[in-house]
Amino acid sequence: MTELPARRLLLVHAHPDDESINNGATMARYAAEGAHVTLVTCTLGERGEVIPPGLRHLSGAALGAHRRGELAAAARALGVTDVRLLGGAGRYGDSGMMGGPDNDDPGCFWRADVDEAAGRLAEVILEVRPQVLVTYDDNGGYGHPDHIQAHRVAMRAADLAAGRGHRIAKVYWNRVPRSVAEAAFARLQDDLADLPFAKSGSVADVPGVVADERITTAVDGLAHAAAKAAAMRAHATQIEVAEPYFALSNELAQPLFTTEYYELVRGEGRPGESDLFAGIPADTAEQARERS
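Along each chain, residues carry numbers from 1 onward, in the same order as the chain's sequence is written. Only residues with pLDDT of at least 70 get local features here, since the model is predicted, and only at 80 or more are side-chain atom pairs given and counted; chain-wide, interface and lining totals rely on the full set of residues. The basis for every side-chain value is the complete set of heavy atoms in the structure, and neither hydrogens nor water enter the calculation.

All right, on to the nonpolar core then. We call a set of buried Ala, Val, Leu, Ile, Met, Phe, Trp, Tyr and Cys residues a nonpolar core when their side-chain atoms join them within 4.5 Å. Here the term buried applies to any residue with accessible area under 20% of the maximum for its type, exposed to any over 50%, and partly exposed to those in between, with areas from a 1.4 Å probe on protein chains only. Grouped together as the largest cluster of nonpolar side chains are 29 residues, with contacts concentrated most on Val12, Leu86, Phe109, Leu121 and Leu133. Secondary structure elements follow DSSP: runs of H or I no shorter than four residues count as helices, runs of E no shorter than two count as strands, and numbering proceeds from the N terminus. When contributions to this core are tallied by element, the ones reaching two or more residues are strand E1 (8–13), helix H3 (114–128), helix H4 (145–163) and strand E5 (170–177). Looking at which element gives the most residues to this core, the answer is H3, with eight residues. We call two residues in contact when some of their heavy atoms are within 4.5 Å. Among all residues touching Leu133, those that are not within four sequence positions of it are Leu10, Val12, Ala154, Ala158, Ile168, Lys170, Val171 and Tyr172. Grouped together as the second largest cluster of nonpolar side chains are 28 residues, Ala74, Val219, Leu264 and Phe277 included.

Below you can see the structure in the form of structure tokens.
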């Protein structure tokens, strides 16, 4: 059996592009440092809005297939080699925005049985045996049904895996401290005239913004800023990048954060940590192999 690196990080995301926007610098940093980084994406984003006019003919399964290719390219830019689609490609469909008719599609992720989907993710956890799990909060960061469901599935999978012998040491939710978001948008106002986007977004457009005191961990990814920007550019159907900013299909400029922030919700830690693995005794490759 292949030996596992001493540090193992699992990230659970809803659609291709979420990983690069939220955690691109973190993933690139830990991959470069030799950690095993596993990304599980729950849908192919078949109902995403397409930005480039030349690709707007894509929809449904064709868009999902294209976005799968974008995900692979983004992972290469980040140095991440372990990328999985929950249940296999197309097992769970994109649910569309909250309150829309797509939410009623029986094949969409929003309608998936949480325990069933979590069981599939628990199998990945038991294979990889990560010490750290990163996902969204219980509102999915901004209320998207697939993000909420990814949160539910990830948290339930952690419980299921613990019941079968592997307890994840630390679980984090993606966050942005309010003061950092406000300062970034203040800078954006000065730069807006030089950007290709229609207008500025606002703090309200950034998922996971919380009061500063809720932040427990800030991962400095400045050295991997270029990798994060390249990964975001790989998702060309969804993102337009003009460093240090980007925009989605709404053409509202947002900051591209190279320090990424987290709230520790399970496990032991102290405010002000700069490493997701802080305080976790290092596993040797042999110990990881013996328990797998």
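Additional details are given in the paragraphs that follow.
With that settled, the discussion passes to the environment of Gly93. With respect to the secondary-structure elements, Gly93 resides in the loop between strand E3 (82–85) and H3. C-alpha separation for the pair Gly93 and Thr43, spaced 50 residues apart in sequence, amounts to 5.5 Å.

This brings us to the UniProt feature "binding site: Zn(2+)" (unreviewed entry) in the chain. UniProt positions are given in the numbering used here, feature names are shortened, and annotations may be inferred rather than shown by experiment. Under the UniProt annotation, "binding site: Zn(2+)" (unreviewed entry) lies at His15, Asp18 and His147. A maximum C-alpha distance of 9.4 Å is found for the annotated residues, which run over 133 residues; spatially they form one tight group. Along the polypeptide, His15 turns up in the loop between E1 and helix H1 (18–32). The class for His15 is buried, based on a relative accessible area of 6%. Setting aside its immediate chain neighbours within four residues, His15 contacts Thr41, Thr43, Gly45, Arg67, Asp94, His144, Asp146 and His147. A polar contact of 2.9 Å, which involves the side chain of His15, links it to the side chain of Asp146. We classify Asp18 as buried; its relative accessible area is 8%. Beyond its immediate chain neighbours, meaning those up to four positions away, Asp18 contacts His13, Asn23, Tyr136 and His147. Polar contacts, as used here, are pairs of N or O atoms within 3.5 Å; protein pairs need one atom able to donate a hydrogen and one able to accept it. Residues neighboring in sequence count only if both atoms are side-chain atoms. At 2.8 Å, the side chain of Asp18 forms a polar contact with the backbone nitrogen of His15.

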